[in-house]
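# Architecture at a glance
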Amino acid sequence: MPQTVRYKIPVDYYIMMCICASFIIIAFMLDTPQHILSGYYKIHTSRSVLITDYIALAGIGAALINSAILVISNLLMLIVTRREPNGKVIAALFLTIGFSLFGKNMINTLPIMAGVWLYGKVTKKHFSEMVIFAMISTTIAPIVSEVAFLDESFSLIRFIAAYAIGIFAGFIFPVIADYVKVMHNHYCLYNGGIAGGFIATMFAGFLRSIGIEIIPENLWDTSHTTQLAILAYSIAAVLIIYGIVTDKPVNALVKYKELLKEKDPDDCDYLTKYHNTCYINIGIMCIVSTTVMLVLGKPINGPILGGIFTVSGFAACGKHLKNATPIIIGSIIAVYLNHLAFDASVNTLAILFSTGLAPIAGKYGWHWGIITGFMHVSIAIFIGDVNGGLNLYNNGFAGSFIAVLILPIITVSKTFYAKLKRKIESELQERFK
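Notes on the structure in this doc start here. As the structure is a prediction and not an experimental result, all values here were calculated from the model. (Residues numbered from 1 in each chain as written. Predicted model: local features only at pLDDT ≥ 70, side-chain atom pairs only at ≥ 80, totals over all residues. Heavy atoms only, no water.)

### A few points about the overall build of the protein chain
Per the secondary structure count, the protein chain includes 21 helices and 0 strands. The principal-axis extent of the C-alpha atoms belonging to the protein chain is close to 85 × 55 × 55 Å. Residues classed as buried in the protein chain amount to 57% of the 433 residues present. Contacts in the protein chain between residues far apart in sequence, at least 24 positions, make up 80% of those at least 6 positions apart. Of the roughly 18,800 Å² of accessible surface on the protein chain, 68% is carried by carbon and sulfur atoms. Put simply, the protein chain has 31 plus and 24 minus side-chain charges, and the middle of one group is 9 Å from the middle of the other. (Helix = DSSP H or I, 4+ residues; strand = E, 2+ residues; numbered from the N terminus. Buried < 20%, exposed > 50% of the residue type's maximum accessible area, 1.4 Å probe, protein only. Contact = heavy atoms within 4.5 Å. Areas by Shrake-Rupley, 256 points an atom, 1.4 Å probe, with all protein chains shown as cover. Lys, Arg positive; Asp, Glu negative; His and termini not counted. Charge placed at Lys NZ, Arg CZ, Asp CG, Glu CD.)

This is the structure in structure tokens:
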């Protein structure tokens, strides 16, 4: 009789558990149990549309606890399905950490994940294949909250309808997420945001057609910058030290230099390729994104910390210092020049989330990266109006439009430049014969 191979929980999952533990400890250091409990209830009964900063809504303790609980539940799901970690898994976990601070909670994510699970059952796919879809599909979690908590009075019928809608949205999510990849040819890292954008737009249109007005939120905390900045820097420092110690300093430096040369958008699983050195990249991107926010005078709150952790997470599968920096520069220029206030929340978030287009800068150069970052902000600050804030990864949705626009322009420009270069070289050769 064949023996069952004993599953060993990967170290990567223990690292994520330690981050969750730090969130829980800090939550009780900064807040009281009573306030955390009442805030946790408030989070789960909120509409959660963009931008609902759970720290502003319910307090820093409740927001951190909500994030920790959701990540732990996702980790248990990964462990039960015996899913081995790779770059996408780490990115999805960091997404959960970040967006659980402004939009995701246990009530609005469960039906979406159930829909993905149901899709796997119908198509006879093991849930280990679907678990990434389940994690990123929660970008459309506000759809559930919007229907369930449309007004202050509780309605069981409306709550059941919200869950039915959530299950349906989760069921169709994997199909759409697979299909939209052809739009951007892997040059936009936020594929889940693109799929979520289309689904959220469809539901927003339906709700508006039956007379339900989707009112955007703008809850934005400004009073916990110091604590949250220290938290981000501390996590980054620990990850960098872990990567250096476990891969040995000299070896880690060599591998990190190799990682910075990565340009292929089709082959960007840095965790699998570089192992623990990947955590150096994650930590560095966390430090850089946090520092950019502080230098620009932005408050560190739930949404901004969510953006910082998104940048950090995708440092495991597509972002690094060389390809993200030009995008950030272009987006900052756009924020300074557009008509919105410099400290407007959509402007601030666009700077961080624009790095989802980092593969374009990596493949085609820093100058195209700056142009791409600039263009991204121009669309990202208005894209939320289309779906009423029902898609949390709205910058991913905006990124798909930018990729579709910029890639043909780059191709034509490079062809024109090559022809012009050949013509000039030919004329020079003729002149000096």
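### Things to note about the environment of Ser-209
Mapping Ser-209 onto the fold places it in helix H11 (residues 191-209). The exposure class assigned to Ser-209 is exposed, which follows from its relative accessible area of 55%.

### Notes on unusual backbone geometry
Following Leu-50, the chain continues to Ile-51 via a peptide bond in cis, the omega torsion being -5°. Tracing the chain through its elements places Ile-51 in the loop between helix H2 (33-44) and helix H3 (54-58). At Ser-48, a residue that is not glycine, the phi angle is positive and equals roughly 65°. Inspection of the secondary structure assignment puts Ser-48 in the loop between H2 and H3. Ser-48 gets classed as buried once you look at its relative accessible area, which sits at 1%. One non-glycine residue with positive phi stands out, namely Arg-82, at about 55°. Along the polypeptide, Arg-82 turns up in the loop between helix H4 (60-80) and helix H5 (87-99). Residue Arg-82 is classed as partly exposed on the basis of its relative accessible area of 43%.

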